[in-house]
Amino acid sequence: HDFADIRRLGVVTVNYIHLFEYAATGRAYGTPTIALAFEHCTDFIVTCSHQLAHQMNGLGIPRSRIIAVPNGPGLTISLSDIADSIEDRRGRSGPLRVLYFGRLDAQKGLDRLAEIVSVLAEQPQLVEVRVVGGKVLGGDASELESRIAVEAPLYDNERIIELYRWAD
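Report follows, based on the coordinates. (Residues numbered from 1 in each chain as written. Predicted model: local features only at pLDDT ≥ 70, side-chain atom pairs only at ≥ 80, totals over all residues. Heavy atoms only, no water.)

1. Details of the packing of helix H4 (residues 79-90) against helix H7 (residues 157-166)
Okay, so step 1: It is the contact of H4 with H7, at a shortest axis distance of 9 Å, that shows an interaxial angle of 30°. Judged on the interaxial angle alone, H7 and H4 are roughly parallel. In terms of crossing hand, the pair formed by H4 and H7 is right-handed. Residue-level inspection shows Asp-81, Asp-84, Ser-85, Asp-88 and Arg-89 of H4 in contact with H7, the latter providing Ile-161, Tyr-164 and Arg-165.
Okay, so step 2: Taken together, the residues that form the contact of H4 with H7 break down as two nonpolar, one polar and five charged. (Axes fitted to C-alpha atoms, helices over the stretch in contact; angles between N-to-C directions. Helix = DSSP H or I, 4+ residues; strand = E, 2+ residues; numbered from the N terminus. Parallel < 35°, antiparallel > 145°, perpendicular 65-115°, else oblique. Left-handed = near helix turned anticlockwise from the far one by under 90°. Contact = heavy atoms within 4.5 Å. Nonpolar A, V, L, I, M, F, W, Y, C, P; charged D, E, K, R; others polar.)

What follows is the structure, encoded as structure tokens:
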């Protein structure tokens, strides 16, 4: 069976779209472009952000069939941990601590991140930078990795809270 057969049975069909992938030439490909091919037999397109919902609408999907469900935080930090972090910062001197924590894929702007890291690394007395994350889509993070030691991704809530406490 395909989507059209399933819809004829009265089943509501939903296609979830998380991101656009872009070729080196800038051409979009991946699940959003595939969704366009099957748009006629899908009841709703669900996106992870309002921006992606607008992009899908711009590609011709009627806005009435797009549902944006923005990503939410996956980590709860207690008020006492927040208070402790604020107190730690008040008594600390030294360089500003800058953190990038996330996916190391092109959609996150790795080219810009590599430039920022390079500029900040020139002033270690003013800024300390950490990059924590990993590739999910198999992108090329070599330019960034040539400029800074990238730390492995974290999944343990306590270690993530410690990481955020480190950063300014």
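2. Things to note about helix H3 (residues 50-58)
Okay, so step 1: Those residues of H3 not exposed but buried are Leu-52, Ala-53 and Met-56. Seen end-on, H3 carries its buried residues on one side only, within an arc spanning 105°. Set apart from the buried face of H3 by more than 90 degrees, the exposed residues are Gln-51, His-54 and Gly-58.
Okay, so step 2: Residues of H3 that are buried in the fold lie against strand E1 (14-17), helix H2 (31-37), strand E4 (44-47) and strand E5 (66-68).
Okay, so step 3: Where H3 starts, the residue carrying a side-chain oxygen 3.0 Å from the main-chain nitrogen of Leu-52 turns out to be Ser-49.
Okay, so step 4: Of the residues trailing H3, Gly-60 is marked for its positive phi of about 115°. (Buried < 20%, exposed > 50% of the residue type's maximum accessible area, 1.4 Å probe, protein only. Arc of directions from axis to C-beta. Polar contact = N/O pair within 3.5 Å; in protein donor to acceptor, adjacent residues only side chain to side chain.)

3. Focus on the pattern of salt bridges
Okay, so step 1: Evaluation of the coordinates by the stated rule reveals nine salt bridges.
Okay, so step 2: Two residues, Arg-7 and Asp-43, come together in a salt bridge whose shortest N-O distance is 2.9 Å. Of this pair, Arg-7 sits in helix H1 (residues 3-8) while Asp-43 sits in the loop between H2 and E4, and the two are 36 residues apart along the sequence.
Okay, so step 3: Note on Arg-7: relative accessible area 31%, which makes it partly exposed.
Okay, so step 4: With relative accessibility at 18%, the residue Asp-43 sits in the buried group.
Okay, so step 5: Put simply, Arg-89, Arg-92 and Asp-168 are held in one network by salt bridges that share partners. (Salt bridge = Lys/Arg side-chain N within 4 Å of Asp/Glu carboxyl O.)

4. Here's the deal with the pairing of strand E7 (residues 127-132)
Okay, so step 1: Pairing of strand E6 (residues 96-101) with E7, which is carried by six bridges, proceeds in the parallel orientation. Pairing of Leu-96 across the sheet is with Val-127, part of E7.
Okay, so step 2: Handedness of the crossover joining E6 and E7 through helix H5 (residues 110-121) is recorded here as right-handed.
Okay, so step 3: Sheet analysis places E7 next to strand E8 (residues 150-151), joined by two bridges and oriented parallel. In the sheet register, Val-131 faces E8, and the bridge partner there is Val-150. (Pairing = 2+ DSSP bridges. Right-handed = clockwise from strand over helix to strand, strands pointing away.)

5. A word on the pairing of E4
Two faces belong to every sheet, and in a regular strand the side chains alternate between them.
Okay, so step 1: Sheet topology places E1 next to E4; four bridges connect them, and they run parallel. Its bridge partner lying in E4, Tyr-16 is registered against Val-46.
Okay, so step 2: Pairing of E4 with E5, which is carried by three bridges, proceeds in the parallel orientation. By the bridge assignment for E5, Thr-47 is matched with Ala-68.
Okay, so step 3: On the question of chirality, the crossover connecting E4 to the parallel E5 by way of H3 is right-handed.

6. Examining a nonpolar patch on the surface
Okay, so step 1: A cluster of nonpolar side chains, contributed by Phe-3, Ile-34 and Phe-38, occupies part of the molecular surface with about 280 Å² of accessible area.
Okay, so step 2: One can find Phe-3 in helix H1. (Patch = residues over 30% accessible without salt bridge, like charges linked within 9 Å, V, L, I, M, F, W, Y side chains within 5 Å. Areas by Shrake-Rupley, 256 points an atom, 1.4 Å probe, with all protein chains shown as cover.)

7. Observations regarding the packing of aromatic side chains
Okay, so step 1: Here the structure, examined in full by the defined rule, presents one aromatic pair.
Okay, so step 2: When the centroid spacing of 5.8 Å and the interplanar angle of 85° are considered together, the rings of Phe-101 and Tyr-164 count as edge-to-face. With Phe-101 in strand E6 and Tyr-164 in helix H7, this pair connects stretches of sequence that are 63 residues apart.
Okay, so step 3: On the basis of relative accessible area, Phe-101 is assigned to the partly exposed category, the value being 27%.
Okay, so step 4: Assessed through its relative accessible area of 37%, Tyr-164 is described here as partly exposed.
Okay, so step 5: The ring of Trp-166 is capped by Arg-130, whose NZ or CZ atom sits 4.8 Å from the centre of that ring. (Phe/Tyr/Trp six-rings, centres within 6.5 Å; stacked < 30°, edge-to-face > 60°. Lys NZ or Arg CZ within 6 Å of the ring centre and 35° of its normal.)

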